[in-house]
Amino acid sequence: MQASVELLQIISQVGYMACFGGDVQRSQTIMEGVNAIGVEQTPIKMGVAISKIYAGHYDQAIHILRDDVLLKEVDHMSAKCFLGIALSQKGEKAEARGLFEEVVRKGNKDESSIAAAYLNT
């Protein structure tokens, strides 16, 4: 199936709404479907990883962020921030801290503030 970037963005937004609204199962289904259609797009990979974090599937999120996103875009600060969150949730605090510190220094305002909040916990 061929879907436009705009359609994939809209469907991804629905997936995010489900995720942040607490419907993790529906979010997973939506994001996996979007991923199947738009396989190589970084924003889609990010959405899948974020939904995995919210579902508590930290190892899967770590794999996506490290092996899909950061291999292609080594300076993707949002990916590093969410990788830090997943690692932190798994108890890998030292590695997470290093990522958060980098994001605070190099990330945009939103990325930096999220990373700073995790550094202060």
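Residues numbered from 1 in each chain as written. Predicted model: local features only at pLDDT ≥ 70, side-chain atom pairs only at ≥ 80, totals over all residues. Heavy atoms only, no water.

Per an unreviewed UniProt entry, the chain carries the name Tetratricopeptide repeat protein and comes from Thiothrix winogradskyi.

Draft legend 1. Quick peek at the nonpolar core. With 31 residues, the main nonpolar core has Leu-65, Phe-82 and Leu-83 as its most contacted residues. Secondary structure elements with two or more residues in this core: helix H2 (24-37), helix H3 (42-54), helix H4 (58-72), helix H5 (77-89), helix H6 (93-106) and helix H7 (109-119). Per element, the largest residue contribution to this core is eight residues, and it comes from H5. Not counting residues up to four positions away in its chain, the partners in contact with Leu-83 are Ile-62, Leu-65, Arg-66, Leu-70 and Leu-99. (Core = buried A, V, L, I, M, F, W, Y, C linked by side-chain atoms within 4.5 Å. Buried < 20%, exposed > 50% of the residue type's maximum accessible area, 1.4 Å probe, protein only. Helix = DSSP H or I, 4+ residues; strand = E, 2+ residues; numbered from the N terminus. Contact = heavy atoms within 4.5 Å.)

Draft legend 2. Representation of the packing of H6 against H7. Remark: H6 packs on H7, axes separated minimally by 8 Å, with the N-to-C direction vectors making an angle of 145°. By crossing handedness, the relation of H6 to H7 is classed as left-handed. Here H6 contributes Arg-97, Phe-100, Glu-101, Val-103 and Val-104 to the contact with H7, which in turn contributes Glu-111, Ser-112, Ala-115, Ala-116, Tyr-118 and Leu-119. Of the residues contributing to the contact of H6 with H7, the split by class is seven nonpolar, one polar and three charged. (Axes fitted to C-alpha atoms, helices over the stretch in contact; angles between N-to-C directions. Left-handed = near helix turned anticlockwise from the far one by under 90°. Nonpolar A, V, L, I, M, F, W, Y, C, P; charged D, E, K, R; others polar.)

Draft legend 3. Up close: the side chain of His-76. Along the polypeptide, His-76 turns up in the loop between H4 and H5. A distance of 3.0 Å separates a polar atom in the side chain of His-76 from the backbone nitrogen of Ala-79. For His-76, the contacting residues outside a window of four places in its chain are Thr-42, Met-46, Val-69 and Leu-70. (Polar contact = N/O pair within 3.5 Å; in protein donor to acceptor, adjacent residues only side chain to side chain.)

Draft legend 4. Structural detail: the environment of Lys-90. Mapped onto the elements, Lys-90 comes out in the loop between H5 and H6. What Lys-90 contacts, discounting residues up to four positions off in sequence, is Tyr-58, Asp-59 and Ile-62. Engagement of the side chain of Lys-90 in a polar contact is seen with the side chain of Asp-59, the distance being 2.5 Å.

Draft legend 5. Main features of the pattern of salt bridges. Applying the stated criterion to the full structure yields nine salt bridges. Across the salt bridge formed by Lys-90 and Glu-92, the nearest N and O atoms sit 3.8 Å from each other. Put simply, Glu-102 and Lys-106 hold a salt bridge, and the shortest N to O gap is 3.5 Å. Here the residue Glu-102 and the residue Lys-106 both occupy positions in helix H6, the gap between them amounting to four residues, near one helical turn. For Glu-102, a relative accessible area of 13% translates into the label buried. Salt bridges sharing partners connect three or more residues here, namely Asp-59, Lys-90 and Glu-92. (Salt bridge = Lys/Arg side-chain N within 4 Å of Asp/Glu carboxyl O.)

Draft legend 6. The arrangement of the packing of H2 against H3 in detail. For the pair H2 and H3, the least separation of the axes is 9 Å and the interaxial angle reads 160°. The angle between H2 and H3 falls in the class roughly antiparallel. Considering the relative orientation of H2 and H3, their crossing is left-handed. The residues of H3 that touch H2, namely those facing Val-24, Ser-27, Gln-28, Met-31, Glu-32, Val-34 and Asn-35, are Ile-44, Lys-45, Gly-47, Val-48, Ser-51, Lys-52 and Tyr-54. (Parallel < 35°, antiparallel > 145°, perpendicular 65-115°, else oblique.)

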